[in-house]
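So you can see what is in the structure, the chains are spelled out below.
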Amino acid sequence: MTNHFIRIAVAASLAIGAGAVQAQEPIKVGLMLPYSGTFADLGKNITTGFKLALLERGNKIGGRPVEFVTVDDESDPAKANENANKLIKRDKVDVLVGTVHSGVALTMARLAKRSGTLMIIPNAGADELTGALCAPNIFRASFSNWQTGYAVGAMMAKKHKTAVSLAWKYAGGDEQTAGFKEGFEKGGGKVLTHLSLPFPNTEFQPLLTQIASLKPDATFAFVAGAAQVNLVKDYQAAGLRDKIPLYGAFLTEGTLQAQGAAAQGMLTVLHYADGLNTPRNQEFIASYKKAYGVMPDVFSVQGYDSARLFLAGLDAVKGDTSKLPDMIKAMSNARIDSPRGPLSFSRSHNPVMDMYVREARGNQNVMVGVAVKGLVDPSPECKM
Ligand code: PHB
C-alpha cells in the first residue's frame, strides 16, 4: 500500500517535472530578413513590430519564453536556400518569419512547404506565395503584389485615362504592374506601355526620357527601399512631376524625409496610413513609441500583425507548438484588430483588408480616402 502510494507519487512528480521542463522550453522564432542592403530599414521595422506584439504579452506564451534566431538574408535569392535551411534544419524553429524580397521569399516558401514548417510572410508580395505555392502552413500578413497594384490602378482610373508603368524587372515589379494594369483598365483606363529596369538598379534617366515622349496622363511605378528616393527625386528633376503625376503603392513609404519636396502631395495607395486616426492605431503608435522612441510605419505594422497572427495560433494551443494543425486552424480563422483596420485571411491565407489612398504631407502618408474596401486577392492558382 505504502509502496504503491510512493510509486504513484514518484510517477506524478516525474510527470509534473517533465511537463514543467517542456513548458520552459523556448518557442523559437526564426527571423529571416534583410538587415543590410537596400531593404535594411524594412527588415529592421518588421523586426521591431514583430517583437512589440510579443513584448505586449511579456514574451511568454503558455509559460514558454520566446526566443529569436535572426538571419540577414541580404535580399539575395542566391543565398536563400542556405539561410532558410539553417533556420529550419539546424535551429528547428517553430515559425519561419520572412521576408521582404519576393525572390528570397519564394525559396523560403518552397522549403517551408516541403518541411511543413509554419511560415509567416511579413512583407514579400509575390502572388505565387499565396497562389500556386499556397499551403496550409504558409500565411501572409502583408499584402500580395496583385492587391497593391490593383488598388493603385483602381484609384488612378478615377483620375486619368492613360498611363505608363515602370518597375524593377523581378517578381515584385512584374506582379505589381500586372495588378495595376488590371485595376486601371477595369476602371476604364489604358496602359500605353511598360518600362522596366533590373533590380536593384537606379538608372532611371533613360526611362524618364521615354515617359516624357510618350506623354501619358500619369505614371505608375514600383521600386522600393532606398531606390524610391532616387526615382521620386529624378522624376521631379526631369520636370515630369507637374505634367504627368507619379503614383505607386510604396513609393513614399518610409522615405519622405529623404525625398523632401519632390514627394510632397504625392498620392499612393496602401493598406496602412501614417497616424491613421482610429483608437486601435493610436494605441499601437503609443506602444511602439514607448518601446522604440520612434513612429511605426507600414512595415512595423506588417511585423506586428505577423506576430499577432502567430499568437492567434499559439493561444489556441496554449503555447504547445506540437499541435500545429490546431494552430493552423486558429490562424486561418483569425480576425485581427490590426492597426491597419480589420484584418482577416482569405482561403489562400492572404490578407483581406481595406486599401487606403494616402497623401504625402510632411513626414507622413496621411489617409485621404479608401481606394478599395475589403480587397480579396482571388488567388486563382491556389489549390488547397
Ligand atoms: C517584394 O519583393 O515583394 C517587395 C519588396 C519591397 C517592397 C514591397 C514588395 O516594399
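Residues numbered from 1 in each chain as written. Predicted model: local features only at pLDDT ≥ 70, side-chain atom pairs only at ≥ 80, totals over all residues. Heavy atoms only, no water.

Caption draft 1: The overall build of the protein chain, seen in detail. For the protein chain, the count of helices and strands is 12 helices and 15 strands. Relative to the globule expectation of 21 Å for 384 residues, the C-alpha radius of gyration of the protein chain, 22 Å, shows essentially globular dimensions. Judged by the C-alpha coordinates and their principal axes, the protein chain covers about 95 × 40 × 35 Å. The buried share among the 384 residues of the protein chain stands at 55%. The contacts in the protein chain between residues at least 6 apart in sequence include a share of 68% that link residues at least 24 apart. Roughly 15600 Å² of accessible area belongs to the protein chain as shown, and the carbon and sulfur atoms make up 56% of that amount. (Helix = DSSP H or I, 4+ residues; strand = E, 2+ residues; numbered from the N terminus. Rg over C-alpha atoms; globule rule 2.2 N^0.38 Å. Buried < 20%, exposed > 50% of the residue type's maximum accessible area, 1.4 Å probe, protein only. Contact = heavy atoms within 4.5 Å. Areas by Shrake-Rupley, 256 points an atom, 1.4 Å probe, with all protein chains shown as cover.)

Caption draft 2: Quick peek at the packing of helix α10 (residues 279–292) against helix α11 (residues 298–316). Where α10 meets α11, the axes come as close as 12 Å, and the angle between the chain directions of the two elements is 100 degrees. Taken together, the axis directions place α10 and α11 in an arrangement best described as roughly perpendicular. For the pair α10 and α11, the contacting residues are Arg280, Phe284 and Tyr288 in the first and Ser300, Val301, Tyr304 and Arg308 in the second. Here the residues of the contact of α10 with α11 sort into four nonpolar, one polar and two charged. (Axes fitted to C-alpha atoms, helices over the stretch in contact; angles between N-to-C directions. Parallel < 35°, antiparallel > 145°, perpendicular 65-115°, else oblique. Nonpolar A, V, L, I, M, F, W, Y, C, P; charged D, E, K, R; others polar.)

Caption draft 3: Local environment of the site of the ligand. In the neighbourhood of the ligand, 15 residues make up the surrounding shell, with Val100, Ser102, Gly125, Tyr170 and Ala224 lying closest. One of the side-chain N or O atoms of Ser102 is found 2.6 Å from an oxygen atom in the ligand. Between an oxygen atom of the ligand and a side-chain N or O atom of Tyr170, the distance comes to 2.7 Å. Given that more than half its atoms are within 2 Å of the pocket grid, the ligand belongs to the largest cavity. (Near = heavy atom within 4 Å. Polar contact = N/O pair within 3.5 Å; in protein donor to acceptor, adjacent residues only side chain to side chain. 1 Å grid on protein atoms, 1.4 Å probe; cavity = no way out; pocket = protein on both sides within 12 Å on 5 of 7 lines; lining within 4 Å. Sits in = over half its atoms within 2 Å of the grid points.)

Caption draft 4: Broad picture of the pairing of strand β14 (residues 351–361). By the criterion of burial, β14 is predominantly enclosed, with nine of the 11 residues buried. Bridge analysis of strand β11 (residues 267–270) against β14 gives four bridges, and the strand direction is antiparallel. Following the sheet pairing, Val269 is matched in β14 by Val357. By the bridge criterion, two bridges tie strand β13 (residues 341–345) to β14 in an arrangement that is antiparallel. Bridge pairing in β14 places Phe345 opposite Pro351. Taking the residues that link successive antiparallel strands as the turn, the β13-β14 hairpin has five residues, and the phi of His349 there is positive, at about 70 degrees. Inspection of the sheet shows β14 paired to strand β15 (residues 364–375) by eight bridges, in the antiparallel sense. Across the sheet, the residue bridging to Ala360 is Asn365, located in β15. Counting the residues that bridge the hairpin from β14 to β15 gives two residues, and of these Gly362 lies at a positive phi of roughly 60 degrees. (Pairing = 2+ DSSP bridges.)

Caption draft 5: Region of the structure containing the environment of Ala258. Following the sequence through the fold, Ala258 ends up in helix α9 (residues 256–259). According to the relative accessible area criterion, Ala258 is partly exposed, its value standing at 41%. Sequence-distant contacts of Ala258, that is, excluding residues within four places in its chain, are made with Val229 and Lys233.

Caption draft 6: Examining empty space enclosed by the protein more closely. The full count for this structure, using the stated rule, is one cavity of 30 Å³ or more. Here the largest cavity defines a volume of roughly 140 Å³. In this structure, the largest cavity is lined by 20 residues; those nearest its centre are Asn123, Phe143, Phe222, Ala224 and Phe250. (Points joined across faces, edges and corners; volume = space filled by probe spheres on them.)

Caption draft 7: Inspection of the pattern of salt bridges at higher detail. For the structure shown, the criterion picks out 16 salt bridges. With its nearest N and O atoms 3.8 Å apart, the salt bridge here joins Glu185 to Lys190. For Glu185, a relative accessible area of 27% corresponds to the partly exposed category. Residue Glu253 is joined to Arg358 by a salt bridge in which the shortest nitrogen-to-oxygen separation is 2.9 Å. (Salt bridge = Lys/Arg side-chain N within 4 Å of Asp/Glu carboxyl O.)

Caption draft 8: Structural detail: the state of the cysteines. Taken as a whole and judged by the stated rule, the model has one disulfide. Sulfur-sulfur distance for the disulfide between Cys134 and Cys382 comes to 2.2 Å. When the S-S torsion is 85 degrees, as for the bridge of Cys134 with Cys382, the disulfide is right-handed. On the criterion of sequence distance, the pair formed by Cys134 in the loop between β5 (119–121) and β6 (138–140) and Cys382 in the segment after β15 is long-range, its members being 248 residues apart. In terms of burial, Cys134 and Cys382 fall into one category: buried. (Disulfide = S-S within 2.5 Å.)

Keep in mind these values describe shape, not function.
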